[in-house]
Amino acid sequence: MKILVINSGSSSLKYQILEMENESCLVKGLVERIGEQESDIEQENEGKEYKNITKIKDHEEALKKAMELITDPEYGCLKELNEIDAVGHRVVHGGEEFFSSVLIDEEVIKAIEENSDLAPLHNPPNLMGIRAAKKLLPNVPQVAVFDTSFHHSMPEKAYMYGLPYEVYQKYKIRRYGFHGTSHRYVSQKASEILKKDMKELKMITAHLGNGASLAAIDRGKVIDTSMGFTPLEGLIMGTRSGDIDPGIVFFLIRKGYSVDEVDDLLNKRSGVYGLSKMSNDMRDIRKGIENGDKKAKLAYDVYVYRLAKYIGSYITALKGLDVLVFTAGVGENDEHVRMDVCDYLDFFGVKIDKEKNTLLNRKNGIISASDSDVDILIVKTDEELMIAQDTKRIVEEVNEK
Ligand SMILES: Nc1ncnc2c1ncn2[C@@H]1O[C@H](COP(=O)(O)OP(=O)(O)O)[C@@H](O)[C@H]1O
Ligand SMILES: CC(=O)OP(=O)(O)O
Ligand SMILES: [Mg+2]
């Protein structure tokens, strides 16, 4: 079975074709800066790289371009599009409706549309991707895999805000959590690597990409996660502030900021980027620190401190900890972040092995010291594979009926 996986962002479209016989990735591509004068297109297929800059006006055109490249005689991996058996889509916000991945029909599209209010930056492009794929591949089954669904096991005490109850009833304002597909994948992979049953483990997974979140997973079920109503809550991120005093929002508005300006400030101009005045990218921050840049050092210190505090609080929520997993861009590649976070957690018996931490950088593996009470792991996330696996399972279930 060949599955096309689509991850539509606000201005980008990432795609992969996976052959599910052996779960291998046949081709992988990215269209960025959709809607701007110049869009970047990149595709990789067994070392053959395609790169181009051209104007791509919307997601439909982006997907059309991707389909052309997938079937391109030189760069592609398929002869014809009808070799695609199913399409899996990342959908960021599933609201309270979706507990697991689903086959997309008109009702599901309507529900995703209704949840757009809750994730205005993420759901509309996800829908555009779904509509474009339906148009181009009308007879192929399509599956939605939600960022929120793995977090549905959170108890009320974790997902309710200290707000009047009717605000939840009326507007569904509660904590949802995101990056669920990644947390689910790496937690399963960690239990495989450790050869320990998930049902016996208290685990914290740290997805540290450009967006970042933690999940506290008690015997396979999420009991808390750091993102909330929107992907803005929680950790310091590349450009997002994470937790702040909500009073700051009113203060800024009274100082003359518009609502959109505050939104932009907190989502796009804060976090590591805002503090360092340099970059949202940890690689640049590291260079800055090495060159003695004080703001880069401050951004790094605030990032690590917040992360360590959150892990500490989740050890309390879990009443203990067996496994700590680092994943995504920063978690997989930045040995300094892992070292410095674990340094704060020494008191809890979280002890990292410095050499293994360096040696296993960018690889899957166990990096805890032999006398650590907690297993510490690096696990490379693979949201696309998880989406493809869900898609295959659901399409097979439907076919069996
Ligand atoms: N070698 C590296 N060292 C440190 N940080 C890295 C490295 N490579 C990537 N990163 C960090 O990972 C981030 C991207 O993570 P990723 O999980 O790909 O994000 P997203 O999926 O949210 O775009 C970059 O912004 C950068 O901060
Ligand atoms: C939900 C979310 O924040 O996703 P990303 O990290 O891809 O922006
Ligand atoms: Mg990501």
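Residues numbered from 1 in each chain as written. Chains lettered and ligands numbered in written order. Predicted model: local features only at pLDDT ≥ 70, side-chain atom pairs only at ≥ 80, totals over all residues. Heavy atoms only, no water.

1. A few points about the nonpolar core
No. 1: The biggest cluster of nonpolar side chains holds 43 residues, and the ones touching the most others in it are L208, Y303 and L324.
No. 2: Counting residues per element, the ones that place at least two in this core are β9 (202-208), β10 (212-218), α10 (282-290), α11 (294-318), β12 (323-327), α13 (335-344) and β14 (375-378).
No. 3: A per-element tally of this core places α11 first, with twelve residues.
No. 4: Residue contacts for Y303: discarding those within four places in its chain leaves L208, I236, V272, M282, V330 and V337.
No. 5: Ranked by size, the runner-up nonpolar core spans 32 residues in total, among them F150, V186, M198 and M203. (Core = buried A, V, L, I, M, F, W, Y, C linked by side-chain atoms within 4.5 Å. Buried < 20%, exposed > 50% of the residue type's maximum accessible area, 1.4 Å probe, protein only. Helix = DSSP H or I, 4+ residues; strand = E, 2+ residues; numbered from the N terminus. Contact = heavy atoms within 4.5 Å.)

2. Some remarks on the domain arrangement of the chain
No. 1: Taken as a whole, the chain is organised into domain 1 (2-146) and domain 2 (196-383).
No. 2: For domain 1 and domain 2, the distance between their C-alpha centres works out to 28 Å.
No. 3: Taken residue by residue, the interface counts five residues in domain 1 and five residues in domain 2.
No. 4: Here domain 1 meets domain 2 over a buried area of about 430 Å², counting both sides, of which 59% is carbon and sulfur.
No. 5: Ranking the residues of domain 1 by area buried against domain 2 places L118, L121 and H122 at the top, with a combined share of 64%.
No. 6: On inspection of domain 1 and its partner domain 2, the count reaches one residue pair in polar contact (both at pLDDT 80 or more).
No. 7: Partitioned by chemical class, the residues of the side of domain 1 that touches domain 2 number two nonpolar, two polar and one charged. (Domains from an automatic or database assignment. Buried area = accessible area lost by both parts, 1.4 Å probe. Polar contact = N/O pair within 3.5 Å; in protein donor to acceptor, adjacent residues only side chain to side chain. Nonpolar A, V, L, I, M, F, W, Y, C, P; charged D, E, K, R; others polar.)

3. A look at the sheet that holds β14
No. 1: Ordered by their spatial adjacency, six strands build an open sheet running β11-β10-β9-β12-β14-β13, and the pairing between neighbours is mixed. Strand pairing shows two members of the sheet lacking a second neighbour, β11 (221-225) and β13 (365-366), which therefore form its edges.
No. 2: Bridge count between β10 and β11: four bridges; the pairing is antiparallel. Among the inter-strand pairings, A215 is bridged to a residue of β11, identified as T225. (Pairing = 2+ DSSP bridges.)

4. Side note on the packing of helix α7 (residues 247-254) against helix α8 (residues 259-268)
No. 1: Interaxial distance between α7 and α8 falls to 10 Å at its minimum, and their mutual angle equals 130°. The orientation of α7 relative to α8 falls into the category oblique. Crossing of α7 against α8: the hand is right-handed. Only V259, V262, L265 and L266 of α8 make contact with α7, whose side of the interface consists of V249, L252 and I253.
No. 2: Within the contact of α7 with α8, the residues separate by chemical class into seven nonpolar, no polar and no charged. (Axes fitted to C-alpha atoms, helices over the stretch in contact; angles between N-to-C directions. Parallel < 35°, antiparallel > 145°, perpendicular 65-115°, else oblique. Left-handed = near helix turned anticlockwise from the far one by under 90°.)

5. What about the site of ligand 1?
No. 1: Taken together, 14 residues surround ligand 1, and among them N210, M282, G329, N333 and R362 come closest.
No. 2: Within the side chain of R362, an N or O atom sits 3.1 Å from a nitrogen atom of ligand 1.
No. 3: In isolation ligand 1 exposes 580 Å². Once the protein is present, 70% of that is buried.
No. 4: Mapped onto the shell around ligand 1, the elements with two or more residues apiece are α10 and α12 (328-333). (Near = heavy atom within 4 Å. Areas by Shrake-Rupley, 256 points an atom, 1.4 Å probe, with all protein chains shown as cover.)

6. Overview of unusual backbone geometry
No. 1: Positive phi is not limited to glycine here, since K277 has a value of about 60°.
No. 2: For K277, the position within the fold is in the loop between α9 (271-276) and α10.
No. 3: The residue K319 is not glycine, and still its phi comes out positive at about 55°.
No. 4: With respect to the helices and strands, K319 occurs in the loop between α11 and β12.

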